[in-house]
Amino acid sequence: MRPEIRFFLNGRPCRLSGLPPHTTLLEWLRGQGLTAVKEGCAEGDCGACSVLIGTPRRARLDWRAVNACILMLPQVDGRAVVTAEGLARGDGSLHPAQRLLADTHGTQCGFCSPGFAIALAALARRPERDDETILDAIAGNLCRCTGYRPILEAARALPVIAPAVEEAEIAATLERDCAQPLDYRAGGGRFVAPRDLDAALAVLAEEPEAWVLAGGTDLGLRITKRHEEPRCVVSLARVGELAAVGREGRDTVIGAAVPYADALEAISALAPSVGALVRRIGAAQIRAVGTIGGNLANASPIGDTLPPLIALGASVELASREGRRTVAVEDFVTGYRKTVLRPGEVVVSVRIPAPGAATLVRAYKVARRIDQDIAAVSAAFALSVEDGRVTRARVAFGGIAERPLRTPEVEVALTGRLWSLETARAAGEAARRAVRPISDVRGSAGYRATVCGNLLERLWWDTAGPAGVAATLDALEGAP
Ligand SMILES: Cc1cc2nc3c(=O)[nH]c(=O)nc-3n(C[C@H](O)[C@H](O)[C@H](O)COP(=O)(O)OP(=O)(O)OC[C@H]3O[C@@H](n4cnc5c(N)ncnc54)[C@H](O)[C@@H]3O)c2cc1C
Ligand code: FES
Ligand code: FES
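(A) Inspection of the site of ligand 1 at higher detail. Around ligand 1 lies a shell of 34 residues, among which Val-212, Thr-217, Asp-218, Tyr-260 and Thr-291 are the nearest. Tyr-260 is positioned such that a nitrogen or oxygen atom in its side chain is 2.5 Å from an oxygen atom of ligand 1. Between ligand 1 and Asp-373 there is a distance of 3.4 Å, counted from an oxygen atom to a backbone nitrogen or oxygen. Per element, the largest residue contribution to the shell around ligand 1 is four residues, and it comes from helix α13 (residues 292-298). In terms of residue class, the shell around ligand 1 is made up of 15 nonpolar, twelve polar and seven charged.

Here's what the structure looks like:
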């Protein structure tokens, strides 16, 4: 076991000890005088604290923008960190992202600008560049005074930047120096990052109160907002078995510690509509570290992945020192932030069966804006339609009860019926009656129930195709 945190900061090797493990990366960087990294919200929402994190992969560094405010310092162990100060070239000239932000007048008060420079620097590594990828890259960064037009102009003019030669050296050094798992202790706290599942389960058995950490996009807020100081944190981010995405027969198996950004391709291949929904979870900085395992175990009533996983009939594999078991996702969450997880047990992976060719899959998230927002209501549908008739239906909603739920009443209203607008409307009525939402800032109970019903009709318009739509228009024409 290795007792010190090792990483690269702006191209230089760093070894740290003696700081409490719940120290955030933001706190530490600013303490080092790297004050381009700002604190705006301290909850992952504004991007002012964005830094680049480079993870060694295939002898290279894979760079992503992340929020330093909700990242615990030991989470950067084995990685390279670059702040806006480190973007500038060795000769002092600005990085193209910085130069372009200045040239297009994409900065006024400047508070957000280092964060935008980081987001654009991450974008500059991607060969494909269209408005969708640009908006996706900057959706997690908030500017209150410049206006986004000049920032977009800077992004559109950004050249593609190839990896520098020294990145391969840094990647190799990190792989070599951080091969031993981290067991960091300081200030009465401990942060362990085992490399294999048995070792992780052994620490959890020894430290029953430990926080189980994947990306920390939920847990980080307990530090910054609730000022909690965990005595022990067990990070699963480096556990090999939890970090893989693969196919087993017709099933896609996603390791519980795989960040959304790495799971997106497999999810989109399985069900494009679910991929589109995952693309709306937080923003790029959140998806760079946040995981499906964390979303499930967090058991929030508006966790975005739960309704589609329930509709697709997915299951989770759980492991503890007592052994392994498999639980259907619909049975995994038992109440408000409650799951079937036992002490010392973790989620290993999520298994998603491929929907059949005749199955229509759609996932919807209704929120006040597209990016970086929490759903008022979410819904997912998997409908098998043969010869125009629904032969099987799985329907799940989020934001309508203390946990995401499957709604058998809606499934009954669909099964065996012609997949018509009439059926969709009848199922919508069943949905309105079945759900028991609460009223809060995101929507009243009445609004939520109405949306649930309307989503059934939207499903029909989205899936029935031109023939279905034409038939409906004909029917409407003939209507009195
Ligand atoms: C700015 C911001 C925007 C967000 N937007 C969205 C959004 O649009 N939609 C949405 O659904 N969520 C959103 N979230 C919430 C969060 O990003 C997700 O829930 C994410 O999936 C959590 O994953 P994580 O790996 O970061 O979890 P962590 O914070 O590491 O852990 C979350 C919980 O799960 C437990 N846990 C993690 N992994 C395991 C495991 N393998 N086994 C057992 N327990 C485990 C932890 O102990 C903790 O209780 C947002 C969060 C922020 C800060
Ligand atoms: S300070 Fe706002 S995202 Fe970190
Ligand atoms: S320039 Fe002031 S917040 Fe963006």
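(B) Fine view of the side chain of Glu-4. Mapped onto the fold, Glu-4 is located in the segment before β1 (5-9). Owing to a relative accessible area of 19%, Glu-4 belongs among the buried residues under this scheme. Looking at Glu-4, its side chain comes within polar contact range of the side chain of Arg-6, at 3.0 Å. With residues up to four places along the chain from it excluded, the contact list for Glu-4 reads Arg-15, Leu-16, Asp-77, Leu-182 and Tyr-184.

(C) Focus on the nonpolar core. Leu-296 and Val-316 are the most contacted members of the largest nonpolar core, which has 52 residues in total. Once residues within four sequence positions are removed from consideration, Val-316 is found in contact with Leu-296, Arg-325, Thr-326, Val-327, Val-329, Phe-332, Val-347, Ser-349 and Val-350.

(D) Broad picture of helix α6 (residues 148-156). For α6, the complete set of buried residues consists of Pro-150, Ile-151, Leu-152, Ala-154 and Ala-155. For α6, the secondary structure elements touched by its buried residues are α3 (96-103), α4 (113-123) and α5 (131-138).

(E) Layout of the sheet that holds strand β2 (residues 12-16). Strand order across the open sheet formed by five strands is β2-β1-β5-β3-β4, with mixed pairing between neighbours. Strands with a single pairing partner mark the edges of an open sheet, and in this sheet they are β2 and β4 (60-67). Between one strand axis and the next, the sheet turns by 30° as a mean value, whatever way the strands run. In this sheet, strand β5 (residues 80-82) lies alongside β1 in parallel orientation, the contact comprising two bridges. Bridged to Leu-9 within β5 is Val-81. Lying over the sheet, α4 contacts β3 (50-57), β4 and β5, oriented at roughly 30° with respect to β3.

(F) Fine view of the packing of aromatic side chains. Evaluated as defined, the whole model comprises five aromatic pairs. On the basis of an interplanar angle of 65° and a centroid distance of 6.1 Å, the ring pair of Phe-116 and Tyr-148 is categorised as edge-to-face. Pair noted here: Phe-116 is in helix α4 and Tyr-148 is in helix α6, with a separation of 32 residues, a long-range link. Take Tyr-148: its relative accessible area is 33%, and that puts it in the partly exposed class. Relative to Phe-397, the ring of Phe-381 has its centre 6.0 Å away and its plane inclined at 90°; by these criteria the two rings are edge-to-face. Taken as a pair, Phe-381 in strand β18 (residues 377-386) and Phe-397 in strand β19 (residues 389-398) lie far apart in primary sequence, 16 residues in all. Neither Phe-381 nor Phe-397 differs from the other in exposure class; each is buried. Aromatic ring contacts, followed pair by pair, group Tyr-364, Phe-381 and Phe-397 into a single cluster.

(G) Spatial organisation of the domain arrangement of the chain. Per the domain assignment, the segments of the chain are domain 1 (5-171), domain 2 (178-240) and domain 3 (241-469). With centres defined by C-alpha atoms, the gap from domain 1 to domain 2 works out at 25 Å. With 21 residues of domain 1 in contact, the opposing surface of domain 2 contributes 22 residues. Overall, the association of domain 1 and domain 2 removes approximately 1800 Å² of surface from exposure, summing both partners, and the carbon and sulfur fraction of that is 69%. The largest per-residue losses of area from domain 1 upon contact with domain 2 belong to His-22, Ile-70 and Met-72, which jointly make up 31% of the total buried on that side.

(H) Region of the structure containing helix α10 (residues 260-270). Among all positions of α10, only Tyr-260, Ala-263, Leu-264, Ile-267, Ser-268 and Leu-270 are buried. All buried residues of α10 fall inside an arc of 140° around its axis, so they share one side. Within α10, the exposed residues directed more than 90 degrees away from the buried face are Glu-265 and Ala-269. Residues of α10 that are buried make contact with β11 (251-255), α11 (272-278), α12 (284-287), α13 and β16 (346-353).

(I) Quick peek at the pairing of strand β9 (residues 232-235). Residues of β9 alternate between two faces, with Cys-232 and Val-234 on one and Val-233 and Ser-235 on the opposite face, all of them buried. Sheet topology note: the strand β7 (residues 189-193)/β9 ladder contains three bridges and is parallel. Among the inter-strand pairings, Phe-191 is bridged to a residue of β9, identified as Val-233. Examined bridge by bridge, strand β8 (residues 211-213) and β9 share three bridges and lie parallel to one another. What sits directly across from Val-212, in β9, is Val-234.

Rules behind the numbers
- Residues numbered from 1 in each chain as written.
- Chains lettered and ligands numbered in written order.
- Predicted model: local features only at pLDDT ≥ 70, side-chain atom pairs only at ≥ 80, totals over all residues.
- Heavy atoms only, no water.
- Near = heavy atom within 4 Å.
- Polar contact = N/O pair within 3.5 Å; in protein donor to acceptor, adjacent residues only side chain to side chain.
- Helix = DSSP H or I, 4+ residues; strand = E, 2+ residues; numbered from the N terminus.
- Nonpolar A, V, L, I, M, F, W, Y, C, P; charged D, E, K, R; others polar.
- Buried < 20%, exposed > 50% of the residue type's maximum accessible area, 1.4 Å probe, protein only.
- Contact = heavy atoms within 4.5 Å.
- Core = buried A, V, L, I, M, F, W, Y, C linked by side-chain atoms within 4.5 Å.
- Pairing = 2+ DSSP bridges.
- Axes fitted to C-alpha atoms, helices over the stretch in contact; angles between N-to-C directions.
- Phe/Tyr/Trp six-rings, centres within 6.5 Å; stacked < 30°, edge-to-face > 60°.
- Domains from an automatic or database assignment.
- Buried area = accessible area lost by both parts, 1.4 Å probe.
- Arc of directions from axis to C-beta.

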